[in-house]
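Analysis of the macromolecular model
Here is what each chain is made of, one letter per residue.
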Amino acid sequence: MTLQEFLLQQDYIKIKLRFTKTNHFEIIATVNGVKGKFILDTGASNSCIGFDSIKNFNLEIEDSDVKAAGAGAIDMSTKLSKKNVIKIGKWQKDKIALILFNLTHVNTALTNHNSNPVDGIIGADILKKGNAIIDYQKKYLYLKL
């Protein structure tokens, strides 16, 4: 029995991942009914969306005292958006909190390496909620329904 067969029997769904030139996995996710392009980042503790996508994803925001760090930047101001609906393939969860911050440095790095910019990052918080399993060899993300 293959990993895929086993996981599908255990009520997991599979989502195809796209491997980018920057050695990231890219995934399409829907936030509040709007599709977007995201980097899958197991090292990001929280899922994030860029400030410039607040209106696009219909996010209700509130102030946050949390400072973000990552991808070479530290002490970045953030906002918080609670009660979002995230859908990845057939997997869906409500009441998801998202961190909002300036993703310009991330997208600049991506475009400098001939990759497309992204709307945000799917982090460990969502991966944990979905009991995620990543098949790096076959480039699939499995999430438990």
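Our structure's up above, just so we're on the same page.
Structure report, in brief. Because the structure is predicted, anything quoted here is derived from the model rather than measured. (Residues numbered from 1 in each chain as written. Predicted model: local features only at pLDDT ≥ 70, side-chain atom pairs only at ≥ 80, totals over all residues. Heavy atoms only, no water.)

**Structural notes on the overall build of the protein chain**
Quick note on the threshold: Labels follow the DSSP assignment, with helices taken as runs of H or I lasting at least four residues and strands as runs of E lasting at least two, numbered in each case from the N terminus. A 1.4 Å probe rolled over the protein chains alone gives each residue an accessible area, and that area as a share of the maximum for its type sets the label: buried under 20%, exposed over 50%, partly exposed in between. Residue contacts follow a heavy-atom distance rule, with two residues in contact if any of their heavy atoms lie within 4.5 Å. Computed with the Shrake-Rupley method and a 1.4 Å probe, the accessible areas treat only the protein chains shown as cover for residues.
The number of helices and strands found in the protein chain is three helices and eleven strands. For the protein chain, the spread of C-alpha atoms along the principal axes amounts to about 50 × 35 × 25 Å. Within the protein chain, the fraction of its 145 residues that count as buried is 43%. Taking all contacts inside the protein chain whose residues are at least 6 apart in sequence as the whole, residues at least 24 apart take part in 58%. Carbon and sulfur atoms make up 49% of the accessible area of the protein chain, which totals about 8400 Å².

**Some words on the side chain of Thr 30**
For Thr 30, the position within the fold is in strand β3 (residues 25-31). Dropping the residues within four chain positions of it, Thr 30 is found in contact with Lys 35, Val 85, Ile 86 and Lys 87.

**Quick word on a nonpolar patch on the surface**
How we decide: A patch consists of residues whose relative accessible area exceeds 30% and which take part in no salt bridge; residues with like charges are grouped when within 9 Å of each other, and nonpolar side chains (Val, Leu, Ile, Met, Phe, Trp, Tyr) when within 5 Å. In what follows, salt bridge is the name for a side-chain nitrogen of Lys or Arg lying within 4 Å of a carboxyl oxygen of Asp or Glu.
Judged by side-chain polarity, Met 1, Leu 3 and Phe 6 come together as a nonpolar surface patch covering roughly 330 Å² of accessible area. The residue Phe 6 is located in helix α1 (residues 3-9) in this model. The exposure class of Phe 6 is partly exposed, given its relative accessible area of 41%.

**Points about the sheet that holds strand β1 (residues 12-16)**
What counts is decided by this rule: Strand pairing follows a simple DSSP-based rule, namely that at least 2 bridges must link the two strands. Only C-alpha atoms enter the line fits that serve as axes; for helices the fit covers just the stretch in contact. Angles between N-to-C directions range over 0 to 180 degrees.
Spatial ordering of the open sheet is given by β1-β11-β10, a layout of three strands whose pairing is antiparallel. Whereas interior strands pair on both sides, the edge strands pair on one side only; in this sheet they are β1 and β10 (133-135). Within the sheet, the average angular offset between the axes of one strand and its neighbour, ignoring direction, is 25°. Sheet topology note: the β1/strand β11 (residues 140-144) ladder contains five bridges and is antiparallel. Looking at β11, one finds that Lys 14 is bridged to Tyr 142.

**Considerations on the pairing of strand β4 (residues 34-40)**
Taken across its seven residues, β4 has five buried, putting it largely inside the fold. Where β3 lies against β4, seven bridges are found, and the strand directions are antiparallel. The residue bridging Ile 28 from the neighbouring strand is Lys 37, located in β4. Taken together, β3 and the strand that follows it, β4, pair antiparallel across an intervening segment of two residues, in which Asn 32 is found at a positive phi of about 55°. In the sheet, β4 pairs with strand β9 (residues 120-122) via three bridges, with the strands oriented parallel. Bridge pairing in β9 links Ile 39 to Ile 121.

**Concerning unusual backbone geometry**
At Asn 131, a position not held by glycine, the phi torsion is positive, near 45°. Structurally, Asn 131 is set in the loop between α3 (124-129) and β10. One non-glycine residue, Lys 139, adopts positive backbone phi at about 65°. Looking at the secondary structure, you find Lys 139 in the loop between β10 and β11.

No statement about biological role is implied by the geometric values presented.
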